[in-house]
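# A structural walkthrough
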Amino acid sequence: MQPLIDNARTFGQRPEEFARLAEGQSPQVLFITCSDSRVVPALITGARPGELFELRTAGNIVPPYVSDHPTSEAATIEYAVEVLGVKDIVVCGHSHCGAVGALVRGDDLSAVPAVRDWLTHAAPRPAGAVEDPTVAEGVQGHVLAQVLRLRSYPCIDKKLTSDQLNLHAWYYEVHTGSVLTHEVSSDTFRAL
């Protein structure tokens, strides 16, 4: 913890770098990814403060849209699209994902009931090789399911219909730093 505290103490000693951020934000991308500490969107993309609007959830899950019981995730997505006017949404899964791995393996999550119940939103259950520690197939299929889920959100559907929004499915390899993107034409993940 101490190195983090030390950095936080010196971080604000460069106010000229941050003054413009007080004027507001206008990110072009909503980046939906996992809460995993090894996945750092700004590091992966090289984004500076104000360039990415981030939504991080366990397993980069986009819950189903329910208008009478909105979730914080739905509010974040709607705000990014309707208020901030993002033009692109990236759903980025990653190798070695504990959440997707637990689903692929069918792990007993009774000791962590909140996690267990949250992961029910991942439906359908990701397929993949149980013995693969990267859970690549499971994560990639899961990412595509979350992109499909986004299409059910009214604000997303509206923007897609009018060609004002693009959806992207990414897979980040934590062990190599490589980023793959889903190519619709071949239905495969390929290097960016």
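The structure reproduced in this document is the subject of the present report. Keep in mind that this is a model prediction, so the values were computed, not measured. (Residues numbered from 1 in each chain as written. Predicted model: local features only at pLDDT ≥ 70, side-chain atom pairs only at ≥ 80, totals over all residues. Heavy atoms only, no water.)

### Some remarks on the pattern of salt bridges
Inspection of the entire model under this criterion finds six salt bridges. Taking the shortest distance from any N to any O, the salt bridge between arginine 9 and aspartate 6 comes out at 3.6 Å. With arginine 9 and aspartate 6 both in helix α1 (residues 2–11) and three residues apart, the pair spans about one turn of that helix. We classify arginine 9 as exposed; its relative accessible area is 59%. For glutamate 183, the salt bridge identified is with arginine 190, shortest N-O distance 3.3 Å. For arginine 190, a relative accessible area of 41% gives the class partly exposed. (Salt bridge = Lys/Arg side-chain N within 4 Å of Asp/Glu carboxyl O. Helix = DSSP H or I, 4+ residues; strand = E, 2+ residues; numbered from the N terminus. Buried < 20%, exposed > 50% of the residue type's maximum accessible area, 1.4 Å probe, protein only.)

### Some remarks on the packing of helix α4 (residues 72–83) against helix α8 (residues 154–161)
Across the interface, α4 lies against α8 with an axial gap of 9 Å and an inter-helix angle of 35°. Judged by the twist between their axes, the crossing of α4 over α8 is left-handed. Across the interface between the two elements, Ile77, Glu78, Val81 and Glu82 from α4 touch Cys155, Ile156, Lys158 and Lys159 from α8. (Axes fitted to C-alpha atoms, helices over the stretch in contact; angles between N-to-C directions. Left-handed = near helix turned anticlockwise from the far one by under 90°. Contact = heavy atoms within 4.5 Å.)

### Looking at the pairing of strand β5 (residues 179–183)
A regular strand places its side chains so that they alternate between the two faces of the sheet. The buried fraction of β5 is high, at four of five residues. Where strand β4 (residues 166–172) lies against β5, three bridges are found, and the strand directions are antiparallel. Each bridged residue has a counterpart across the sheet, and for tyrosine 172 the counterpart in β5 is valine 179. Turn length for the β4-β5 hairpin, with the two strands adjacent in sequence and antiparallel, is six residues, and the turn residue glycine 177 shows positive phi of about 85°. Two elements, β5 and strand β6 (residues 188–191), share four bridges in a ladder whose sense is antiparallel. In the sheet register, leucine 180 faces β6, and the bridge partner there is alanine 191. (Pairing = 2+ DSSP bridges.)

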